[in-house]
Amino acid sequence: MDNSSGVGVLDKAALVLSALEAGPATLANLVASTGLARPTAHRLAVALEHHRLVSRDLHGRFVLGPRLGELATAAGEDRLLAAAGPVLARLREATGESTQLFRRQGDQRICVAAAERPSGLRDTIPVGATVTMLAGSAAQILLAWEEPERMHRGLQGARFTATMLAAVRRRGWAQSVGEREPGVASVSAPIRSSSGRVVAAVSVSGPIERLTRQPGRVHAPAVLAAADHLTGVLRSAEDT
């Protein structure tokens, strides 16, 4: 085994986690990508799931677990989350609406940071909330640049289409009106790693009455600016 630490069980667990970095995996996928025997891969994945380092998506596939994000935050290594608070607060002040940062986890997306509008009618998504990948502008962003096969799977049952995602890729932002929840509109833009991969989505959301049925015309510039800033923070952290 390459890069062996001398502690076999840890090396094998690291292989499982590294394999899941590419996305959800069945047990057969894990066996193929790690080279581990099927019983070993299953035993390690279940043990990691017990410690929340691995979890399952709606289809029972293994995905990276929430404990990894908690550990990264505690260690002060997640500069994206550290920078997100002030950026989301400024975006909230600029738009007058609630703002969020989403990351994909399997067939769901998780709100990992938020700045809520302090009063009045607002869209409230608490930090830690799990939200569908089948609707909403952030879901469109997190799916639009995926590999074709994964995109095709993600579109099954979605309230948006491949044509809509093509438009998202062309203009660089997404909007939704009543997709995730009646009466709610949103605008989202991608945050990218140094390799160009979309790793998160920054969003503005609120009632249609304020955002209108063309929320991108109103808020896309501010959302794009926030996403660009966070992309810069993330790339700077990866380069250090």
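In this text, all values refer to a predicted model and were calculated from it rather than measured experimentally.

Novice: Give a description of the overall build of the protein chain that names residues and reports values.
Specialist: Within the protein chain, the regular secondary structure consists of ten helices and eight strands. At 19 Å, the protein chain has a C-alpha radius of gyration in line with the 18 Å of a compact globule built from 240 residues. On the principal axes, the C-alpha backbone points of the protein chain span a range of 60 × 35 × 30 Å. Residue burial in the protein chain is summarised as follows: out of 240 residues, 46% are buried. Sequence separation of at least 24 residues holds for 56% of the intrachain contacts in the protein chain that already meet a minimum separation of 6. When the 28 positive and 22 negative side-chain charges of the protein chain are each reduced to one mean point, those points stand 4 Å apart.

Novice: Any chance you could break down the domain arrangement of the protein chain for me, citing the residues and the numbers?
Specialist: Annotation of the protein chain at the domain level lists domain 1 (8-73) and domain 2 (79-236). If you average the C-alpha positions of domain 1 and of domain 2, the two centres end up 27 Å apart. With 13 residues of domain 1 in contact, the opposing surface of domain 2 contributes seven residues. Buried area between domain 1 and domain 2, both sides added, is near 640 Å², and the carbon and sulfur share of it is 43%. Between domain 1 and domain 2 we count one salt bridge in total. Here R61 makes a salt bridge to D107, at a shortest N to O gap of 3.1 Å. In this assembly, domain 1 and domain 2 are joined by three residue pairs in polar contact (both at pLDDT 80 or more). Looking at the side of domain 1 that touches domain 2, the elements that each hand over two or more residues are strand 2 (62-64) and helix 4 (66-74). Class assignment of the residues belonging to the side of domain 1 that touches domain 2 gives a composition of six nonpolar, five polar and two charged.

Novice: Kindly report on the pairing of strand 4 (residues 108-115), identifying the contributing residues and their values.
Specialist: Alignment of strand 3 (residues 98-105) against strand 4, held across seven bridges, turns out to be antiparallel. In the strand pairing of strand 4, R103 is matched with I110. What sits between the antiparallel neighbours strand 3 and strand 4 is a turn of two residues, in which G106 has the positive phi angle 65°. Sheet topology note: the strand 4/strand 5 (residues 130-132) ladder contains three bridges and is antiparallel. Residue pairing for strand 5: Q108 is matched across the bridge by T132.

Conventions we followed
Sequence order as written defines residue numbering, which begins from 1 separately in each chain. Only residues with pLDDT of at least 70 get local features here, since the model is predicted, and only at 80 or more are side-chain atom pairs given and counted; chain-wide, interface and lining totals rely on the full set of residues. Water and hydrogen atoms play no part in the side-chain values, which are based on all heavy atoms of the structure. A run of H or I in DSSP becomes a helix once it reaches four residues, and a run of E becomes a strand once it reaches two; helices and strands are each numbered from the N terminus. The size measure is the radius of gyration over C-alpha atoms, and the globule rule it meets is 2.2 Å times the number of residues to the 0.38 power. Accessibility here uses a 1.4 Å probe with only protein chains present; expressed as a share of the type maximum, an area under 20% marks a residue as buried, one over 50% as exposed, and anything in between as partly exposed. By definition, residues are in contact when any of their heavy atoms lie within 4.5 Å. Charge assignment in this entry is limited to Lys and Arg as positive and Asp and Glu as negative, and neither His nor the chain termini are counted. For the purpose of locating charges, the reference atoms are NZ of Lys, CZ of Arg, CG of Asp and CD of Glu. A domain assignment, automatic or from a database, supplies the domain bounds used here. The term buried area denotes the loss of accessible surface (1.4 Å probe radius) that occurs when two parts are joined, taken as the sum for both partners. For salt bridges, the criterion is a side-chain nitrogen of Lys or Arg within 4 Å of an Asp or Glu carboxyl oxygen. Polar contacts here mean pairs of N or O atoms no more than 3.5 Å apart (in protein, one a potential hydrogen donor and the other a potential acceptor; neighbouring residues in sequence count only if both atoms are side-chain atoms). Each residue is assigned to one of three groups, with Ala, Val, Leu, Ile, Met, Phe, Trp, Tyr, Cys and Pro labelled nonpolar, Asp, Glu, Lys and Arg labelled charged, and all others, Gly among them, labelled polar. Two strands make a pair as long as DSSP finds a minimum of two bridges between them.

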